[in-house]
Amino acid sequence: MEKSVTDAINYRRSVRVYKDTPIDAEKVKQCLKNAALAPTSSNLQLWEFYHVTDKETLNKLTTACLDQNAAKTAQQLVVVVANKSLWKKRAKANIGFLNKAFDKPNLEDRLVKRKKMALSYYQKLIPFLYTDILGILGFLKFLMFQIVGLFRPVYRQTRLSDMRIVAHKSAGLAQNFMISMAAIGYDTCPMEGSDTLHVKKILNISRNAEINMVISCGIRDDAGIYGPRFRVPFEDIYHSI
Ligand SMILES: Cc1cc2nc3c(=O)[nH]c(=O)nc-3n(C[C@H](O)[C@H](O)[C@H](O)COP(=O)(O)O)c2cc1C
């Protein structure tokens, strides 16, 4: 039986040594389907998941993960990729979805209005925000919004660096994956420590995409968790206003 959300969150730890026991790739894939249900900015879903089970590729990726313990004994690896350059394709997919969703006879005025607004969002606002040339347009938009922002609240995250953060922020929410794995008794370790250029070469990932993290997967060995969980006191990070 699957654990409850709270139990799964408590069970999840970063595991650095896995047992020799194989894990079911289909179950891991199902957890990735759960990951894909996480929210993403503008529902653009600027992410891709590479699920690696092939032994040779696993070995190559372990080297690219700087021979970290968390990768060495992993049964499978998942590479989460943030791919900002997919925005046009994803905006088009959203437009297609909206046209279908609102394709009903005698649509109420309120829904006609909603459809128009949603379509305009993907047809006008998203291209405006995501179109950039070497960061120059993004910077000009940023300056423009700084001026507008003197008079009213505006969206300011338009620079190339901001847009990268937006894509990574959403990809990071693939944390759903690790919780889903924990729910079925599978373990994971998110890894930032990797040579991302090598990871991209091994998996033939496009130049424009960026590695968000590599997640090792398996079943925890008794020595797989290095120590008790440490968190700073909750009061230090919690602000009730
Ligand atoms: C974005 C990110 C990158 C991380 N990179 C690594 C890594 O490269 N190697 C590693 O062993 N652990 C890595 N970790 C795991 C953290 O060290 C771990 O989450 C933290 O110590 C808390 O432990 P816990 O996950 O068991 O609660 C990473 C975690 C996150 C969220």
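The following paragraphs examine the structure supplied in this document. If you're wondering where the values come from, they're calculated on a predicted model, not measured in any experiment. (Residues numbered from 1 in each chain as written. Predicted model: local features only at pLDDT ≥ 70, side-chain atom pairs only at ≥ 80, totals over all residues. Heavy atoms only, no water.)

**Points about the site of the ligand**
Operational definition: Working definition: residue near molecule or strand if any one of its non-hydrogen atoms lies within 4 Å of it. What qualifies as a polar contact is a pair of N or O atoms within 3.5 Å, subject to a donor-acceptor requirement within protein and to the restriction that residues adjacent in sequence count only when both atoms come from side chains. Note on residue categories: nonpolar means Ala, Val, Leu, Ile, Met, Phe, Trp, Tyr, Cys or Pro, charged means Asp, Glu, Lys or Arg, and polar means any other residue, Gly included.
Taken together, R12, R13, S14, R16, Q68, C189, P190, M191, E192, G193, R229 and R231 make up the full set of residues near the ligand. Taking Q68, its side chain carries an N or O atom lying 2.6 Å from a nitrogen atom of the ligand. Within the contact set of the ligand, a nitrogen atom lies 3.1 Å away from a backbone nitrogen or oxygen of P190. When its residues are assigned to classes, the shell around the ligand shows three nonpolar, three polar and six charged.

**Focus on a nonpolar patch on the surface**
What counts, and what does not: A patch is a set of surface residues, each over 30% in relative accessible area and not in a salt bridge, joined within 9 Å for like charges and within 5 Å for the nonpolar side chains Val, Leu, Ile, Met, Phe, Trp and Tyr. Areas reported as accessible are Shrake-Rupley estimates using a 1.4 Å probe. Residue values count occlusion only from the protein chains shown. Here a salt bridge means any side-chain nitrogen of Lys or Arg lying within 4 Å of a carboxyl oxygen belonging to Asp or Glu. By definition, any uninterrupted DSSP run of H or I lasting at least four residues is a helix, any uninterrupted run of E lasting at least two residues is a strand, and each is numbered from the N terminus. Type-normalised accessible area, obtained with a 1.4 Å probe on protein chains alone, sets the label of each residue: buried when under 20%, exposed when over 50%, and partly exposed for intermediate values.
Nonpolar side chains collect at one region of the surface, where I133, L134, I136, L137, F139, L140 and L143 lie side by side and expose about 710 Å² of accessible area between them. In this fold, F139 is placed in helix α7 (residues 136-148). Looking at F139, the relative accessible area reads 42%, which means it is partly exposed.

**Section: the packing of helix α3 (residues 55-64) against helix α10 (residues 196-203)**
Let me state the cut-off plainly: Axis geometry follows a simple rule: fit a line to the C-alpha atoms, using only the stretch in contact for helices, then measure angles between N-to-C directions, giving values from 0 to 180 degrees. Just so you know how the angles are binned, under 35 degrees is roughly parallel, over 145 roughly antiparallel, 65 to 115 roughly perpendicular, and the rest oblique. The crossing is said to be left-handed when, going from far helix to near helix, the turn is anticlockwise and less than a right angle, and right-handed when the turn is clockwise. Residues are treated as being in contact if the distance between any of their heavy atoms lies within 4.5 Å.
Two elements in contact, α3 and α10, have axes separated by 9 Å at closest approach and are oriented at 165°. In terms of axis orientation, α3 runs roughly antiparallel to α10. Considering only the axes of α3 and α10, their crossing is right-handed. Facing T57, K60, L61 and A64 of α3, the residues of α10 in contact are H198, V199, I202 and L203. Broken down by class, the residue content of the contact of α3 with α10 amounts to five nonpolar, two polar and one charged.

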